[in-house]
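Listed below, chain by chain, are the residues.
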Amino acid sequence: ANLHRRDLPLIGQYVAADTLGLRAWPTDTPAHERAQFFQEMRGAGVCKVIPTFHVSKYYADMLLDGSSQPSTDPSSAFAVAFQRFGATVKEELLGGVQMAAWTVDLSLDLHELLPLVGSDCGFSKVIEDKSFSMYMQLLHAIQGWVHPLGSNSSVAPALAVKPFLIPLDLSRVSWTEPFHQKKLDTFLRCMSTSRIGGGWSSLFAGEGTGTRWLFSFAEPLDQNITYRFRDQLTNVATDISKHSSSGVKAIVMVGTQALKRGTSNPINSVNLVEDMSITSKRYLDPYRDYEAVSQATSSLDGFMYDEWMDDWDRGTRGPFFLATDTIDKMLDKCDGGSRFTHDIDGCSRIVGNTGSVYPEFFGLVGASSQLMQHCIYPRFGFSLFGEGGAEISMTCAYMKPSTFWVLLALVLLAGVCLAQVMRLMLQWCFRDKPQAEKHKKKSGSDSSETQEAKVPQLGYITVRPQEIFLCGDHTLELQSTVLSSGHEAGWWLCQHATAQMSILEKQVKAEVSAIRALHLRRVHAPNKDVDNAAGSEEDASQEGQDSEAGVEEADLTKAMQVVHRRILEGFAAWCLYVSGTMFGAPRGCRLDFEALREMARQIEENQERPSDRLFVEALLLRVMESLGEQMLQCPERLSYLLFQIFQEAGGLLDLGPANFTIDMDKLHDGLVQMNIHTNPYTRQKMPSGKWEFGLNFDDINESGIQCRDSVAKTFREPASLMVVIDFVLSYRV
């Protein structure tokens, strides 16, 4: 609420501006607060104001309701809001500040309407456009309230004696399209001509209305090279001076860039950064161009800068909302844009040959936050409208929150701290008694359970896929103390292994088809040389043989190698990572780093290894994932267990028949503890006899990275006051 005390002196004394445009006008603010703000405006040297009525809200309501006409009944929300707006701009309520003009925050979309303009008003399709019709009905309703016909009195006498500025966003004009200048001239002429005279609007008709255009321009990056603002403004100013006998006046609003081109390729993509070495020239040049055109045409009546401070969430629509045919286009949502995020990638135009970009978040000053202060750093070095002025540095203002909420927060924080201290004291005083009672109650049952050693049950299956070439008399074994018998263990292993074996064979065959498709594409490729032509006959003959004799052995071998590397690439990455960084491993962890690197090499360079061995290794990991179920969330733990299985089977260098044993108890280690206790802030006695905090999948996965034989808690979540400390340490501006 106090930020204007920081900005107003800069606007009045350094920029030397005498008028401030406010949008939207604060009709709900108490009168004494507005009077205080106006008094501070006048004290800073800004003695004029241009209030803005929020008509875009009621245009959006029409889109949401699907209506083509606004509700103009005296009791409607639209009429009541405008009457309140007119009542709050009376001279006696402005605290000595003069209202120079008034306007609205909605503009026609020239990007959509100019293509509908014909050679004359009567031959144009503009009046048939739904958005144009809705926009004109809103503005004609406002004009009727301010300047009623006949003897009716105005609902806003303070507005009736001031010029009405009709916004028109000229940055939406496609200047590169043919005949754009002629179409724009026709559009402005038809808008300035009454319906009786064959035009489209009566906004500029009648004596004493004082209606003016409010043209909005957006100068793109490198405007001195790629853009001639003076020529464009001269053409528009000359056009409007011919549209009536007295000439139509216009106010010029300009937004410029505080950017520079980046250095990345391609050069025609959006690659912009803030230019911290800019001078006031980019802000002075538009005003100097305006002064030159104003003296030459006498149809311009004022100059405004688009934005004072960066408006990062404005989007591509410019300073006004656009009268579009849908609410989504009107809102102009940005994918990555917000008040605290530069949304260059989400909302900027492509920087092409003309370098056109929207200035949606770059004003005369930039904004930043430092500790408890909100700061602005001006992008101009001296006065823009006046003479003199010292160099301006960063200006900051302290953010003062509400006293009530600060006191409430302090009371709540003190209460939480006191409750935590009392809780810790109670736990400290009675920490031995409940644990001793629990140990007494469960000592008998615990001792009996430990005395009964569970015998592991063993089941096995011989890996025999349908493709004979992949058979190698390899076996898989499943060991578990949970299952009741070896037959049950074998049944579980058979069900999972058979399903995974079928899926794996289909993947290998799909890879074979892809390899053969690549062969055929090379054979039948255009402009092939003589060698390829000679080879095509041989490949064609092989194709016939393959269709009768089955899948070719060479293609199957290559396909199995690709599938093997693809399935075990995560395990190979784990081997290389663990063999290179063991700083987080427990003291008792002793792994053979050379064996780890050799296993990773055997997976990456598997061309010399038999296909049946590659098949059973890939199948082993798939069966472990299938049996482990939720252990799929812990790939590092699976890799550690797979390494142990490979080591027990003699490593990956032994190419003979292999026997791989899966320990189901180790595979499910961690899941059992999670099923019993998952609260990471309290201890509970686990089946191992230890009192431990609750586990989660991150702990299980980290145990695999640290090469722990048994899953254990690896991260202690912060609690109590440590949450605040951890939040402060992790906070990033």
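A brief report on the enclosed structure follows.

What counts and how
Residues numbered from 1 in each chain as written. Predicted model: local features only at pLDDT ≥ 70, side-chain atom pairs only at ≥ 80, totals over all residues. Heavy atoms only, no water. Helix = DSSP H or I, 4+ residues; strand = E, 2+ residues; numbered from the N terminus. Buried < 20%, exposed > 50% of the residue type's maximum accessible area, 1.4 Å probe, protein only. Contact = heavy atoms within 4.5 Å. Areas by Shrake-Rupley, 256 points an atom, 1.4 Å probe, with all protein chains shown as cover. Disulfide = S-S within 2.5 Å. Expected span 1.5 Å × (residues − 1). Core = buried A, V, L, I, M, F, W, Y, C linked by side-chain atoms within 4.5 Å. Pairing = 2+ DSSP bridges. Axes fitted to C-alpha atoms, helices over the stretch in contact; angles between N-to-C directions. Parallel < 35°, antiparallel > 145°, perpendicular 65-115°, else oblique. Nonpolar A, V, L, I, M, F, W, Y, C, P; charged D, E, K, R; others polar. 1 Å grid on protein atoms, 1.4 Å probe; cavity = no way out; pocket = protein on both sides within 12 Å on 5 of 7 lines; lining within 4 Å. Points joined across faces, edges and corners; volume = space filled by probe spheres on them.

### Regarding the overall build of the chain
Consideration 1: Regarding its fold elements, the chain presents 26 helices and 20 strands.
Consideration 2: Counting the 733 residues in the chain, one finds 43% classified as buried.
Consideration 3: Taking the contacts inside the chain whose residues are at least 6 apart along the sequence as the reference set, 72% of them involve residues at least 24 apart.
Consideration 4: On the chain, roughly 38900 Å² of surface is accessible, and the fraction owed to carbon and sulfur atoms is 54%.

### Considering the environment of lysine 249
Consideration 1: Checked against the element boundaries, lysine 249 lands in the loop between helix H10 (229-241) and strand E8 (250-255).
Consideration 2: Between the alpha carbons of lysine 249 and aspartate 301 there is a distance of 6.2 Å; along the sequence they are 52 residues apart.

### Thoughts on the state of the cysteines
Consideration 1: Taken as a whole and judged by the stated rule, the model has two disulfides.
Consideration 2: Note on cysteine connectivity: cysteine 121 is disulfide-linked to cysteine 190, with sulfurs 1.9 Å apart. Handedness of the cysteine 121-cysteine 190 disulfide follows from its S-S torsion of about -100 degrees: it is left-handed. Of this pair, cysteine 121 sits in the loop between helix H5 (110-113) and helix H6 (130-146) while cysteine 190 sits in helix H8 (residues 180-192); the two residues are 69 residues apart in sequence, bridging distant segments of the chain.
Consideration 3: Cysteine 121 gets classed as buried once you look at its relative accessible area, which sits at 6%.
Consideration 4: Under the relative-accessibility criterion, cysteine 190 is labelled buried at 0%.

### Quick notes on the environment of alanine 489
Consideration 1: Structurally, the position occupied by alanine 489 is in helix H16 (residues 486-523).
Consideration 2: The sequence separation of alanine 489 and proline 456 amounts to 33 residues, and the corresponding C-alpha distance is 9.9 Å.
Consideration 3: Residues within four places of alanine 489 in sequence aside, it is in contact with Gln457, Leu458, Gly459, Leu478 and Leu483.

### Description of helix H11 (residues 281-297)
Consideration 1: Between its first and last C-alpha atoms H11 spans 24 Å; for 17 residues at 1.5 Å apiece the expected length is 24 Å, and the two agree.
Consideration 2: Positioned one or two residues after H11, serine 298 has a phi angle of 55 degrees, which is positive.

### Some thoughts on the nonpolar core
Consideration 1: Phe53, Phe82, Phe187, Trp213 and Phe215 are the most contacted members of the largest nonpolar core, which has 97 residues in total.
Consideration 2: The dominant element in this core, judged by the number of residues it contributes, is H6, at 10 residues.
Consideration 3: Once residues lying within four places of it in the same chain are set aside, the contact partners of phenylalanine 82 are Phe53, Trp102, Ile142, Trp145, Val146, Val155, Ala156 and Leu159.

### Some thoughts on the sheet that holds strand E13 (residues 365-370)
One key point about sheets: their strands pair by backbone hydrogen bonds, in either a parallel or an antiparallel sense.
Consideration 1: Strand order in this open sheet of three strands is E13-E14-E15, and the pairing throughout is antiparallel. The open sheet terminates on both sides in strands that have one partner only, identified here as E13 and strand E15 (395-398). Adjacent strand axes in the sheet meet at a mean angle of 25 degrees when their direction is disregarded.
Consideration 2: Across four bridges, the pairing between strand E14 (residues 373-378) and E15 is antiparallel. Note that in E15 the partner of cysteine 375 across the bridge is cysteine 396.

### Notes on H6
Consideration 1: Spanning 17 residues, H6 covers 25 Å between terminal C-alpha atoms, matching the ideal 24 Å at 1.5 Å per step.
Consideration 2: Most of H6 sits out of view: 13 of its 17 residues are buried.

### Looking at the packing of helix H20 (residues 593-604) against helix H22 (residues 635-648)
Consideration 1: At a minimum axis distance of 12 Å, the contact between H20 and H22 shows a crossing angle of 95 degrees. Taken together, the axis directions place H20 and H22 in an arrangement best described as roughly perpendicular. Facing H20, whose interface residues are Ala595, Leu596 and Met599, H22 presents Phe643, Phe646 and Gln647.
Consideration 2: Of the residues belonging to the contact of H20 with H22, the class tally is five nonpolar, one polar and no charged.

### Section: empty space enclosed by the protein
Consideration 1: All told, the structure shown has five cavities of 30 Å³ or more when counted by the stated rule.
Consideration 2: Each pocket or cavity is described by its volume, and for the largest cavity that value is around 70 Å³.
Consideration 3: What lines the largest cavity is simply Gly21, Leu22, Arg23, Ile50, Thr52, Thr103, Leu165, Leu214, Met253, Met304 and Phe320.
Consideration 4: For the lining of the largest cavity, the elements supplying multiple residues, two or more each, are strand E1 (19-22) and strand E2 (48-53).
Consideration 5: Residue composition of the lining of the largest cavity, by class: seven nonpolar, three polar and one charged.

### Let's talk about the pairing of strand E17 (residues 475-480)
Consideration 1: For E17, a buried count of five out of six residues is recorded, marking the element as mostly surrounded by other parts of the structure.
Consideration 2: One ladder, built from six bridges, connects strand E16 (residues 457-462) with E17; its direction is antiparallel. Along E17, the bridge assignment pairs glutamine 457 with serine 480.

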